[in-house]
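Chain by chain, the residues:
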Amino acid sequence: MMNRTLAQADVEMARILAGELDRQQHTLVMIPSENYASKAVLQTMGSILTNKYAEGYPGARYYNGCEFCDRAEQLAIDRAKELFRCDHANVQLHTGSQANMAAYFALCEPGDTIMGMKVEHGGHLTHGKSINFSGTYYHFVSYGLDAETDRIEYDQVLDIAKECRPRLIVVGASAYPRILDFQRFREIADEVGALLMADIAHIVGLTAAGSHPDPVPFCDVVTSTTHKTLRGPRGALILCKAKWAEKIDNAVFPGIQAGPLMHIIAAKAVAFKEAQSYGFREYQRQIIRNAQALAQSLIEEGFRLVTGGTDNHLMLVDLRSEGISGLEAANALEEANIIVNKNLIPGDERSAAETSGIRPGTPALTTRGMKEEQMQVIGKLMARVIRAPQDGTVLADVKQQVIDLCADFPIYEDLYD
Ligand code: DSN
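What this report covers is the structure whose coordinates are included nearby.

Reading the values: the criteria
Residues numbered from 1 in each chain as written. Predicted model: local features only at pLDDT ≥ 70, side-chain atom pairs only at ≥ 80, totals over all residues. Heavy atoms only, no water. Near = heavy atom within 4 Å. Polar contact = N/O pair within 3.5 Å; in protein donor to acceptor, adjacent residues only side chain to side chain. Nonpolar A, V, L, I, M, F, W, Y, C, P; charged D, E, K, R; others polar. Pairing = 2+ DSSP bridges. Helix = DSSP H or I, 4+ residues; strand = E, 2+ residues; numbered from the N terminus. Core = buried A, V, L, I, M, F, W, Y, C linked by side-chain atoms within 4.5 Å. Buried < 20%, exposed > 50% of the residue type's maximum accessible area, 1.4 Å probe, protein only. Contact = heavy atoms within 4.5 Å. Axes fitted to C-alpha atoms, helices over the stretch in contact; angles between N-to-C directions. 1 Å grid on protein atoms, 1.4 Å probe; cavity = no way out; pocket = protein on both sides within 12 Å on 5 of 7 lines; lining within 4 Å. Points joined across faces, edges and corners; volume = space filled by probe spheres on them. Left-handed = near helix turned anticlockwise from the far one by under 90°. Salt bridge = Lys/Arg side-chain N within 4 Å of Asp/Glu carboxyl O.

Section: the site of the ligand
Point 1. Taken together, Ser33, His124, Ser174, His202, Lys228 and Arg359 make up all the residues around the ligand.
Point 2. Between the ligand and histidine 124 there is a distance of 3.0 Å, counted from an oxygen atom to a side-chain nitrogen or oxygen.
Point 3. Residues of the shell around the ligand, tallied by class, amount to no nonpolar, 4 polar and 2 charged.

Here you go:
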């Protein structure tokens, strides 16, 4: 029983995993929040640390037998502090949403006023959407993008802050293709006496590698996921100034989480080590070069991009003049093995389930080694599909070209060796 492989123990599930591996190998993964974790990270996630309860923190656990859990978690904390040059790191968060929940618990009281970016303009559910805990338990006031520029206009943010006098301002987005000026947000927060939190779930790899301005010097607390541009295991972390360390740790455990996922924490430590390499810094630079090459290719094909391009790993394609919704475009692209997600664009009149845009990104394509040359080709393939979403011949032809392209950039060749 204990020693059987997955294929021996559960043929059905083994087949599902084999199918997913095949899908990841033969499709262009262009959802900007997705990536391919390294074999070392995957091995650690699948390790025996999943067997252990370790409620508490290194050196202060509620269970015995935590010697190796303590070492693994301390390694993750130390590496996170070094990588992000911060005072304190909590690496136990299961998800980005829980990281934001813990940060609000630590910094605010229920009912406090918090400012966050509108979800419809690129913010996250946990930045105050009424259907989310954030909008239910806190008084969120939203700032959005300027109607002319589709960018954050910092004077507008300041005006809103002066009016609502928030306890906390949240800066960060899931769909904003431009640089975030954390220093300017700090100045705004200081002017109204607010605390400042950055949610860098998307751009964390870029900031760690110096390819995007660093939020850590300017923010009280920084939250992030670990599986997007950082290319680690699915999970999250919180970085903070020393003065918030105890409140953050208490908010995470026992505040909102109990038993930590030790196998995931250990895999975060591995990812943090990988992120300290020169290769990782070059990888992040290439993500941006690739995004800009893809943006250029789409613009040459006649598409309108929100803000006209990108500074980071993603872009928003406005499909309103194409006579196709984001949903229809994403579904047609999937037929051709190109995986993107539909996304609201600023001023969108369609619902979030339909949308007028898509949000392509380059982190996963860059992990498999693709460069600007391939981005040029991919932009043209996407245009063919979006302009002929019902044409079976076009979809079949593009699909074959995608499969051929993917074959030149293999992933996980020896995963099960
Ligand atoms: N679901 C993530 C994304 O795709 O951006 C945000 O949590």
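Focus: the sheet that holds strand E11 (residues 304-305)
Where strands meet in a sheet, backbone hydrogen bonds hold them as pairs that are either parallel or antiparallel.
Point 1. The 4 strands lie next to each other as E11-E12-E15-E14, forming an open sheet whose pairing is antiparallel. Looking at strand neighbours, the two that pair on one side only are E11 and strand E14 (342-343), the edges of this open sheet.
Point 2. The pairing of E11 with strand E12 (residues 317-318) spans 2 bridges and is antiparallel. Paired with leucine 305 across the strands is valine 317, a residue of E12.

Re the nonpolar core
Side chains of a nonpolar character, in soluble globular proteins, are inclined to be buried together.
Point 1. Ranked by internal contacts, the top residues of the largest apolar core, which has 59 residues, are Phe84, Ile152, Ile169, Phe185 and Phe272.
Point 2. For this core, the leading source of residues is helix H4 (residues 67-84), giving 7 residues.
Point 3. Excluding its chain neighbours within four sequence positions, the residues that come into contact with phenylalanine 185 are Tyr143, Ile152, Tyr154, Val157, Ile169, Val171 and Leu196.
Point 4. One finds Val340, Val385, Ile386 and Cys406 within the second-largest nonpolar core, a separate group that totals 38 residues.

Regarding the sheet that holds strand E5 (residues 113-117)
Point 1. Spatially, 7 strands are ordered E4-E10-E9-E8-E7-E5-E6 in an open sheet, and the strand pairing comes out mixed. One side of each edge strand has no neighbouring strand; the edge strands of this open sheet are strand E4 (88-90) and strand E6 (139-143). Strand after strand, the sheet turns through a mean of 20° between neighbouring axes, direction not considered.
Point 2. For E4 and strand E10 (residues 236-240), the ladder comprises 3 bridges, and the chain directions are antiparallel. Residue pairing for E10: asparagine 90 is matched across the bridge by isoleucine 238.
Point 3. Set on the sheet, helix H8 (residues 182-192) makes contact with E6, strand E7 (168-171) and strand E8 (195-199); between it and E8 the angle comes to about 150°.

Focus: empty space enclosed by the protein
Point 1. Enumeration according to the criterion identifies 1 cavity of 30 Å³ or more in this entry.
Point 2. Approximately 80 Å³ is the volume found for the largest cavity.
Point 3. Lining of the largest cavity is provided by 13 residues; of these, Ala173, Tyr176, Leu180, His202 and Ile203 occupy positions nearest its centre.
Point 4. Looking at the lining of the largest cavity residue by residue, the classes come out as 7 nonpolar, 4 polar and 2 charged.

Focus on the packing of helix H13 (residues 326-335) against helix H15 (residues 372-387)
Point 1. Close contact between H13 and H15 brings their axes to 9 Å; oriented N to C, the two are set at 120°. Judged by the twist between their axes, the crossing of H13 over H15 is right-handed. Along its contact with H13, which presents Ala329, Ala332 and Leu333, the element H15 presents Met382, Val385 and Ile386.
Point 2. The residue inventory of the contact of H13 with H15, partitioned by class, reads 6 nonpolar, no polar and no charged.

So, the pattern of salt bridges
Pairing between side chains of opposite charge can happen when the charged atoms of each approach one another.
Point 1. As enumerated under the stated definition, the model contains 22 salt bridges in all.
Point 2. A salt bridge links arginine 61 to glutamate 73; its shortest N-O distance comes to 2.9 Å. Of the two residues, arginine 61 sits in strand E3 (residues 60-61) while glutamate 73 sits in helix H4, which places them 12 residues apart along the sequence. No difference in accessibility class separates arginine 61 from glutamate 73, as the two residues are buried.
Point 3. A salt bridge links glutamate 372 to arginine 289, with the nearest nitrogen and oxygen atoms 3.8 Å apart. A residue pair is termed long-range when its members are at least 10 positions apart, and glutamate 372 in helix H15 and arginine 289 in helix H12 (residues 278-300) qualify at 83 residues.
Point 4. Assessed through its relative accessible area of 31%, arginine 289 is described here as partly exposed.
Point 5. Taken together, the shared-partner salt bridges connect Asp150, Arg304, Asp318 and Arg320 into one network.

Brief notes about the layout of surface pockets
Point 1. One number sums up the size of the largest pocket: a volume of about 650 Å³.
Point 2. Looking at the lining of the largest pocket, the elements with two or more residues in it are helix H2 (11-26) and helix H3 (39-45).
Point 3. Taken together, the residues of the lining of the largest pocket sort by class into 13 nonpolar, 5 polar and 5 charged.

Just geometry here; none of it tells us what the structure is for.
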